[in-house]
Each structure stands twice: as C-alpha cells, then as structure tokens.
Amino acid sequence: MPATKNTNWPLGPSSIVFHGPIGDFVQEIAADTEADPVAVLGQALVMFGSRVGRKAYCQVGADKHYANEFLMLIGSTSGGRKGTSVGVAKSL
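Residues numbered from 1 in each chain as written. Predicted model: local features only at pLDDT ≥ 70, side-chain atom pairs only at ≥ 80, totals over all residues. Heavy atoms only, no water.

Q: Before we move on, can you summarise the nonpolar core with the specific residues and values?
A: Counting 11 residues, the largest nonpolar core is built from Phe18, Ile22, Phe25, Val26, Ile29, Ala35, Val40, Leu41, Ala44, Val88 and Ala89. Elements with a contribution of two residues or more to this core: helix H1 (20–29), helix H2 (37–52) and helix H3 (84–91). By residue number, the principal contributor to this core is H1, which donates 4 residues. In contact with Ala89, other than residues within four places in its own chain, are Val40, Gln43, Ala44 and Met47. (Core = buried A, V, L, I, M, F, W, Y, C linked by side-chain atoms within 4.5 Å. Buried < 20%, exposed > 50% of the residue type's maximum accessible area, 1.4 Å probe, protein only. Helix = DSSP H or I, 4+ residues; strand = E, 2+ residues; numbered from the N terminus. Contact = heavy atoms within 4.5 Å.)

Here it is, written out as structure tokens:
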C-alpha cells in the first residue's frame, strides 16, 4: 500500500540548520544515503554533545548552555530509515 502524504505534517527546516562542519558533512553525504538529512544532523549533534559532556559550555548572560542534547526520531515503522541515520552519523 503506497504511503499517503499527510498535509498536516510540518515542513522541513531551512537549509540554515546545516551550518558548520557537521552541517557540511550532512550536505555532502546526503545524496549517498537513504537516511533523512535532518535525522543524520540530529544524531551527529547528539553524539557530539555526548562526547563533549558537561565540560564545555556557551555562557549566555548568567546561564551556561551545555552541549548535552536529547533526540527523538519519529517516522514510519520499518520503512522510516530512522536507524540508518545513526550509522551515517557514526561515520563522521
């Protein structure tokens, strides 16, 4: 049964989210993988934050913003290619 397009689904992000070295990597490999570029970007950013831990931060005013992030990928079961993005991000 072919998938139907849900008209209530939000639009994808602007290309500005693919910024910096990780964004460049995602744009470069996008044509060579079935993984969703946004999922790869999210996985790579979360992996980076986990690797850096709570040793590095960006201070904004009196608040410290650490690189630790949380990610939830939601998509079609089996055919959504959610797990494929992990392997691509790990290759970075």
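Q: Before we move on, can you summarise H1 with the specific residues and values?
A: For H1, the set of buried residues is Ile22, Gly23, Phe25, Val26 and Ile29. The arc enclosing the buried residues of H1, seen along the axis, measures out at 155 degrees, which places them on a common side. Exposed residues lying more than 90 degrees from the buried face of H1 are Pro21 and Glu28. Close packing links the buried residues of H1 with H2 and H3. (Arc of directions from axis to C-beta.)

Q: Mind laying out the side chain of Gln43, listing which residues take part and the relevant values?
A: By the element assignment, Gln43 lies in helix H2. Engagement of the side chain of Gln43 in a polar contact is seen with the side chain of Ser85, the distance being 3.3 Å. With residues near it in sequence (within four places) discarded, Gln43 still touches Leu71, Leu73, Lys82, Ser85, Val86 and Ala89. (Polar contact = N/O pair within 3.5 Å; in protein donor to acceptor, adjacent residues only side chain to side chain.)

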